[in-house]
Amino acid sequence: MQLCLDAYVWVADPLPRVLDRFISAYVDADDPGDERFAAFRRVYLLGAVSDADVRALDELRPESGGGGFSLYLRGRDHSQAIITITDEGAAVLGLSVQASGDLAVTLRQAEELIDHLLEDFSCVAGLAGVELPPPQSRSEWDDDGLVLLRVGAPSVESSTPA
């Protein structure tokens, strides 16, 4: 079984246009692989919140509590595109690719993916690891447990990426 390399960037202020740009560039919107994607779009892109959509997104939240959740979607050019809304209301945007069996090659892949996402979304913080779950809070972001590569640190206050 091939392992996946996961690379993420922290978006302090996930404006609808930023989330839409990530979706347009990286998500297979015709076949996203999760029916809750439609609810996510209505709530976070259109601001059209309904009780049914809130319930659908609540299904993604961990049973242990917390306000964060992750949506795993089929990627256009990557195995997965992952959108996480953190406990603090920030977004963590990520991509998964097949990891190389060679650690040095995997680290280069991670660095390239992070650099690409940082530039694409004008972010200052990224991290990557093999089979790394998306952080759903700032404390999870700061945990080095499975992180192979870390770039920068999330800002404390909101920012508006391009």
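Remember, it's a predicted structure, so these values are computed and weren't measured experimentally.

**Things to note about the overall build of the protein**
So, step 1. Scanning the protein from terminus to terminus reveals five helices and six strands.
So, step 2. Going residue by residue from the N terminus, the α and β elements of the protein occur as β-α-α-α-β-β-β-α-β-α-β.
So, step 3. In terms of overall size, the protein behaves like a compact globule, its C-alpha atoms giving a radius of gyration of 15 Å where 162 residues would be expected to give roughly 15 Å.
So, step 4. Across its three principal directions, the C-alpha atoms of the protein cover 45 × 35 × 35 Å.
So, step 5. A buried classification covers 44% of the 162 residues belonging to the protein.
So, step 6. Of all intrachain contacts in the protein linking residues separated by at least 6 positions in sequence, the fraction that spans at least 24 positions is 63%.
So, step 7. In the structure as shown, the protein presents an accessible area of about 8,100 Å², 49% of it carried by carbon and sulfur atoms.
So, step 8. Placing the 12 positive and 28 negative side-chain charges of the protein at their respective mean positions leaves the two points 5 Å apart.

**Observations concerning the pattern of salt bridges**
Side-chain pairing between opposite charges can occur once the charged atoms of the two side chains come close.
So, step 1. A full pass over the atoms with the stated rule returns seven salt bridges.
So, step 2. Residue arginine 42 pairs with aspartate 53 through a salt bridge whose shortest N-O separation is 2.6 Å. A residue pair is termed long-range when its members are at least 10 positions apart, and arginine 42 in helix α2 (residues 36-46) and aspartate 53 in helix α3 (residues 51-58) qualify at eleven residues.
So, step 3. With a relative accessible area of 4%, aspartate 53 lands in the buried category.

**What about the packing of helix α1 (residues 16-26) against α2?**
So, step 1. One can describe the packing of α1 onto α2 by two numbers: an axis separation of 9 Å at closest approach and a directional angle of 150°. One way to sum up the angle between α1 and α2 is to call them roughly antiparallel. Here Pro16, Leu19, Asp20 and Ile23 of α1 lie close against α2, whose contacting residues are Phe37, Phe40, Arg41, Tyr44 and Leu45.
So, step 2. Here the contact of α1 with α2 is composed, by residue class, of seven nonpolar, no polar and two charged.

**Topic: the pairing of strand β2 (residues 69-74)**
So, step 1. Here six bridges tie β2 to strand β3 (residues 80-85), and the two strands are oriented antiparallel to one another. Counted as the bridge partner of leucine 71 is isoleucine 83 from β3.

**Examining α1**
So, step 1. Every buried residue of α1 is listed here: Val18, Leu19, Phe22, Ile23 and Tyr26. Along the axis of α1, the buried residues cluster in a sector spanning 135°; they form a single face.
So, step 2. Contact partners of the buried residues in α1: β1 (4-11), α2, β2, β3, β4 (91-98) and α4 (103-120).

**Notes on the environment of valine 124**
So, step 1. In this fold, valine 124 is placed in the loop between α4 and β5 (126-130).
So, step 2. Given a relative accessible area of 55%, valine 124 falls into the exposed group.
So, step 3. Sequence separation between valine 124 and valine 11 is 113 residues; the distance between their C-alpha atoms is 8.5 Å.
So, step 4. Leaving out residues up to four positions away in the same chain, valine 124 has contacts with Leu118, Val151, Gly152 and Ala153.

**Here we look at the packing of α1 against α4**
So, step 1. Their axes nearest at 12 Å, the elements α1 and α4 cross at an angle of 135°. The angle between the axes of α1 and α4 places the two elements in the oblique class. The residues of α4 that touch α1, namely those facing Arg21, Phe22 and Tyr26, are His116, Leu117 and Asp120.
So, step 2. Of the residues belonging to the contact of α1 with α4, the class tally is three nonpolar, one polar and two charged.

Cut-offs and rules
Residues numbered from 1 in each chain as written. Predicted model: local features only at pLDDT ≥ 70, side-chain atom pairs only at ≥ 80, totals over all residues. Heavy atoms only, no water. Helix = DSSP H or I, 4+ residues; strand = E, 2+ residues; numbered from the N terminus. Rg over C-alpha atoms; globule rule 2.2 N^0.38 Å. Buried < 20%, exposed > 50% of the residue type's maximum accessible area, 1.4 Å probe, protein only. Contact = heavy atoms within 4.5 Å. Areas by Shrake-Rupley, 256 points an atom, 1.4 Å probe, with all protein chains shown as cover. Lys, Arg positive; Asp, Glu negative; His and termini not counted. Charge placed at Lys NZ, Arg CZ, Asp CG, Glu CD. Salt bridge = Lys/Arg side-chain N within 4 Å of Asp/Glu carboxyl O. Axes fitted to C-alpha atoms, helices over the stretch in contact; angles between N-to-C directions. Parallel < 35°, antiparallel > 145°, perpendicular 65-115°, else oblique. Nonpolar A, V, L, I, M, F, W, Y, C, P; charged D, E, K, R; others polar. Pairing = 2+ DSSP bridges. Arc of directions from axis to C-beta.

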